[in-house]
Amino acid sequence: MDVAILTVSDRVSRGEAEDRSGPALAALVLSAGWRVADTRVVADDAAAIAAAVAQWTDAAGGAAPGLVVTTGGTGFGARDVTPEAVAPLLERAAPGLVAAMLAAGLAATPLAALARPVAGVRRRSLVLTLPGSPKGATENLAALLSVLPHAVELVRGGPTAGDATHAKMIKDAAHSHSHSHSHSHHKSHVHVCHHTSDRVDVSEKVEAFGLSSDLDATVANRVRKSAYPLIPFDQALKTVMEHATVLSPRVMKVSDSLAGHILAQDVKAVDPVPGYRASVVDGYAVISSDGPGVYPVSQVQHAGAPDQASDGHILKSGTIARVTTGAMVPEGADAVVMVEDTELVDSSASGEEVNIRILKSAVQKNENIRAIGSDAAVGELILENGSLVSAAGGEVGLLASVGVTDVLAHPHPTISILSTGNELVHYSTPSPLPAPYVRDTNFPSLATAIQAAMPHCTILTSPLVAQDTQDSLYNLLHNAIESQSNVIITTGGVSMGEADMMKSVLERRLGAKIWFGRVLMKPGKPTTFATVEKNGVEKLIFALPGNPVSALVGFYLFVLPALRKMAGYPSPNLQSVLAKVAHSIQLDARPEFYRVHLSLELDSVNGVTRFIAHGTGSQMSSRMLSMRGANALLKLPPATSEKQSLAEGDVVEAFLI
C-alpha cells in the first residue's frame, strides 16, 4: 500500500523548526510493510493544504496513493485549519475511523478531546487528518493499522473487493477468542499471546515492563511474535543515557594512570611555575643599563645549581654571569643576552671565559627571563572541573609541574561480560573445532573494544559460558549482579528462538526492569536494555544479540556512550563526521549502521580534504570480516519508494569507532 504524508506547520515550512512528525509517521508506515509514496510540508494555509491533498488523490493513471495522512493543524488554534481544508474534499465520510482515533488519543491523554480529526474517501484514496505531535500522530495511526489495508482495499476495488480479507479477519478473530478461552481453564498452560505487529513506538516515555514470555510455557505454546515494540535508535540511546549516572569521584594520584579520567574538581596551582627567575636561553646575565661593551665573567650559573647570591655573589654593574637555559638568573641581573649576540675576547689557560663582548646595543629589562609564576601563579586555575586528563601527557605534566599530587576524578566503570549459548566454547580452543561448536568471539571482541576506548575500566570475567537454560542464565546473571559491576553486558538469547530466555530471566527471576527489547536498526534489532537495583544502586544491563557484528555494533552505539557518561565525560556520545560514500549502497527497510573504513582524501575538483567511506564487504551480522579495518559506522536512512540506494558521492553521517 502506498502512503503519502503531508506535514502542516508554519514553522517547519519556513525552516524554523524540524519536522519530527512526518519522519515518525514514515517510520511507522515502513514498519507496517507499506511504502511511503511521497512526503511534503505546507504552511497552516487551507488552500495549500487542500491543493496538496487533491494533487495526490486526483492523480491520474493509478498513481494516487491508497492512503493520504496529514499531521498538524487539527486543534483549536487560530491557525489550525486542516479539518476545514480537508472536509470539503471528501466524497464519503468515515466516522468509525474518527471514533477509533479519538479513543486511542483519549486513552493516552484527556487533551485528545481537543482534537478535531477528519477521515473519509476522495476518489480512490482514503484520507486521514492526524494530530501535529509525533506521539499523537503515531498513536492515532497505530490505532488503525489493522483495519487500514482492508479499508483501502475496499476503497480501491469493485463490488467484491475485500471479501477474502474480511473473511480472514473474522476467522482470525474467532480463532483468537477460542484460543484465549481454551487456555483460561488450564492454569498449567497459561500463556499470553501478544499478536503485535512490528509497529514503531515513538512515545516519549520508553518502557517495556511485563512483556517477557512465560518461562514455563511449552515450545508449542511459545510466543511467536515479539511483544516488544520497535523504538527508533535515537530514542533508545536517549533512554540508555537517562539511566547512565556519573560515578562518584575518588581521590587519585597524579601519574600516568590518571590519563583518560575526568576531573571532578577545579585544580589550582600549589607552587609557582617557575619558582625562580629562570633564563630562557643560553647566554649571559647582564644589567641592562650597562649597554654593549666588554665585560668580565664574574660567575657561572648552571640549571639546577643554587643561586650564588647566598655566598655574596650578587652581580654588580660592569660584570656579567654566564648562564644556561633554565638556570637561575643571578641576583642583581635584570636581563639575559643570548650567546649568539656575544663574542669571546679572551680566556684563561684552563679554557674558562675571562672577558666577553656584548654586541647587542639595546637590551630590554627582563629580556629572556621567565618571572616567578609567569607560567602559573600560586592559586591560579590550571584545570577545570570536567576536564579530560588526556593520554597525550600534557595535563599530567601540568599537574606535576605546579605541585599537585592528588586530584578528585571520576572512576571508570566495572563491567561483567557474559556470553550465552550451548554451542559456545572458549575462544582459545585450538583447531580443529568439532561440530556443532563455535568459538566465543564476543567476549574477546568486547573486552578489546572496552580496553581500547577506556583502558581503566575493570572487566570481570566469568569462567563459564551460560547454557541455554533458565537456571544457567540465572546463576551467571545473579553472580554478575551481586558483584562490583556497574554494567553487565550479555550476548545472545534475546531474539525469538525457543532457547532465547534472556529477557524473561532478567524480568521474571531477577526483578530487572526492561526499558526496551527491540530497536529499529540493522544490525541489532533485538538489542535489549534493562536495569536492576542492588543495595540502592541501579546497575545497567545491556543484552546484546549473539551475532558477533550485532554485538560489537550495539556496544559502540549504546554501551560505550553509557560507559563514558558514567566516567564523567561531558560529551559521551560517539563523535560523528560527514563522509562521502565511495560506491553505491543498497538501503534497507530499517535504518542501518554500515561498517566502513574512513580515509581522508583530497577532492581534486575544489581542493578540499574530505572523509571518504569505503565499505568493508558483505554486511551480514554474523560476518566478523565486515569489522576488519572498520573505523566508522555509516548511519544509513531507511529505503523509501523514491530512494532505494545511495549513489557514489552521496554524503551521510558517520560515527567514528
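Our structure's up above, just so we're on the same page.
Residues numbered from 1 in each chain as written. Predicted model: local features only at pLDDT ≥ 70, side-chain atom pairs only at ≥ 80, totals over all residues. Heavy atoms only, no water.

Caption draft 1: Just the nonpolar core, in detail. If you look at the biggest cluster of nonpolar residues, it comprises 50 residues, and the most contacted ones within it are Phe542, Phe555, Leu557 and Phe558. Elements with a minimum of two residues in this core: helix 9 (233-243), strand 21 (414-419), helix 11 (442-453), strand 25 (487-491), strand 26 (513-516), strand 29 (537-544) and helix 14 (548-566). Looking at which element gives the most residues to this core, the answer is helix 14, with 13 residues. Sequence-distant contacts of Leu557, defined by excluding residues within four places in its chain, comprise Phe233, Leu237, Met521, Leu574, Phe593, Leu633 and Phe655. Counting residues in each nonpolar core, the second largest holds 28 residues, with Val3, Val29, Val36 and Leu130 among its members. (Core = buried A, V, L, I, M, F, W, Y, C linked by side-chain atoms within 4.5 Å. Buried < 20%, exposed > 50% of the residue type's maximum accessible area, 1.4 Å probe, protein only. Helix = DSSP H or I, 4+ residues; strand = E, 2+ residues; numbered from the N terminus. Contact = heavy atoms within 4.5 Å.)

Caption draft 2: Here's a closer look at the pattern of salt bridges. All chains considered together, the criterion is met by 21 salt bridges. For Arg40, the salt bridge is made with Asp38, and the minimal N-O distance between the two is 3.2 Å. Judged by relative accessible area, Asp38 falls into the partly exposed class, the value being 23%. Salt bridges sharing partners connect three or more residues here, namely Asp58, Glu91, Arg122 and Arg123. (Salt bridge = Lys/Arg side-chain N within 4 Å of Asp/Glu carboxyl O.)

Caption draft 3: How the structure looks around helix 3 (residues 46-57). Between its first and last C-alpha atoms helix 3 spans 16 Å; for 12 residues at 1.5 Å apiece the expected length is 16 Å, and the two agree. Taken as a whole, helix 3 has its buried residues at Ile49, Ala50, Ala52, Val53, Ala54, Trp56 and Thr57. The inward-facing, buried residues of helix 3 contact strand 1 (2-8), strand 2 (35-42), strand 3 (67-71), helix 4 (82-86), strand 5 (119-122) and strand 6 (125-130). (Expected span 1.5 Å × (residues − 1).)

Caption draft 4: View of the sheet that holds strand 1. With respect to topology, six strands assemble into an open sheet ordered 2-1-3-6-5-4, the strand pairing being mixed. Because the sheet does not close on itself, it has two edges, and the strands there are strand 2 and strand 4 (92-93). In this structure, strand 1 lies alongside strand 3, joined through five bridges in parallel fashion. Each residue of the ladder has a partner; that of Val3, found in strand 3, is Leu67. In the packing of helix 2 (residues 21-31) onto the sheet, the strands contacted are strand 1, strand 2, strand 3 and strand 6, and the crossing angle to strand 1 comes to about 165°. (Pairing = 2+ DSSP bridges. Axes fitted to C-alpha atoms, helices over the stretch in contact; angles between N-to-C directions.)

Caption draft 5: Broad picture of the packing of aromatic side chains. Taken as a whole and assessed by the stated rule, the structure comprises 10 aromatic pairs. With a centroid separation of 6.2 Å and 35° between ring planes, the pair formed by Phe593 and Phe655 is classed as tilted. Within this pair, whereas Phe593 is found in strand 32 (residues 592-602), its partner Phe655 is found in strand 36 (residues 651-656), the two being separated by 62 residues in sequence. Put simply, the rings of Phe233, Phe516, Phe529, Phe542, Phe558, Phe593 and Phe655 pair up and form one aromatic cluster. Geometry around Tyr228 places Lys503 over its ring, the cationic atom sitting 5.3 Å from the centre. Of note, Arg509 hangs over the ring of Tyr474, and the distance from its end group to the ring centre comes to 4.3 Å. (Phe/Tyr/Trp six-rings, centres within 6.5 Å; stacked < 30°, edge-to-face > 60°. Lys NZ or Arg CZ within 6 Å of the ring centre and 35° of its normal.)

Caption draft 6: Highlighting the layout of surface pockets. Each pocket or cavity is described by its volume, and for the largest pocket that value is around 1300 Å³. Along its surface, the largest pocket is lined by 42 residues, and Arg20, Pro23, Ala24, Pro232 and Asp234 are the ones closest to its centre. Put simply, the parts of the chain that give the lining of the largest pocket at least two residues each are strand 1, helix 2, strand 2, helix 9, strand 32, strand 34 (632-636) and strand 36. (1 Å grid on protein atoms, 1.4 Å probe; cavity = no way out; pocket = protein on both sides within 12 Å on 5 of 7 lines; lining within 4 Å. Points joined across faces, edges and corners; volume = space filled by probe spheres on them.)

Caption draft 7: Structural context of empty space enclosed by the protein. Inspection of the entire model under this criterion finds two cavities of 30 Å³ or more. Approximately 70 Å³ is the volume attributed to the largest cavity. Surrounding the largest cavity, 13 residues form its lining, Val286, Ile287, Asp290, Gly291 and Tyr295 being those nearest its centre.

Caption draft 8: Broad picture of the packing of helix 2 against helix 6 (residues 134-142). Two numbers describe how helix 2 lies on helix 6: the axes approach to 9 Å, and their chain directions differ by 30°. Judged on the interaxial angle alone, helix 6 and helix 2 are roughly parallel. Read as a crossing pair, helix 2 and helix 6 show a hand that is right-handed. In contact with Ser21, Ala24, Leu25, Leu28 and Val29 of helix 2, helix 6 contributes Pro134, Ala137, Thr138, Leu141 and Ala142. Its residues placed into classes, the contact of helix 2 with helix 6 shows eight nonpolar, two polar and no charged. (Parallel < 35°, antiparallel > 145°, perpendicular 65-115°, else oblique. Left-handed = near helix turned anticlockwise from the far one by under 90°. Nonpolar A, V, L, I, M, F, W, Y, C, P; charged D, E, K, R; others polar.)

Caption draft 9: Looking closely at the sheet that holds strand 13 (residues 293-301). One open sheet accounts for six strands, arranged 15-12-14-13-17-16; its pairing is mixed. The two strands at the open ends of the sheet, each matched to only one other strand, are strand 15 (335-338) and strand 16 (342-347). Sheet twist, expressed as the average angle between the axes of neighbouring strands with direction ignored, equals 40°. Note that strand 12 (residues 283-286) and strand 14 (residues 320-323) share three bridges and pair antiparallel.

Caption draft 10: Quick look at a nonpolar patch on the surface. Taken together, the side chains of Phe76, Leu111 and Leu114 present a nonpolar region at the surface, about 360 Å² in accessible area. Structurally, Leu114 can be placed in the loop between helix 5 (95-108) and strand 5. On the accessibility criterion, Leu114 (46% relative accessible area) is partly exposed. (Patch = residues over 30% accessible without salt bridge, like charges linked within 9 Å, V, L, I, M, F, W, Y side chains within 5 Å. Areas by Shrake-Rupley, 256 points an atom, 1.4 Å probe, with all protein chains shown as cover.)

Caption draft 11: The arrangement of the pairing of strand 25 in detail. Along strand 25, five of the five residues are buried, which leaves the element largely enclosed by surrounding structure. Neither face of strand 25 is open: one carries Val487, Ile489 and Thr491, the other Ile488 and Thr490, and all of them are buried. The sheet contact formed by strand 21 and strand 25 spans five bridges and is parallel. Residue pairing for strand 25: Ser416 is matched across the bridge by Ile488.

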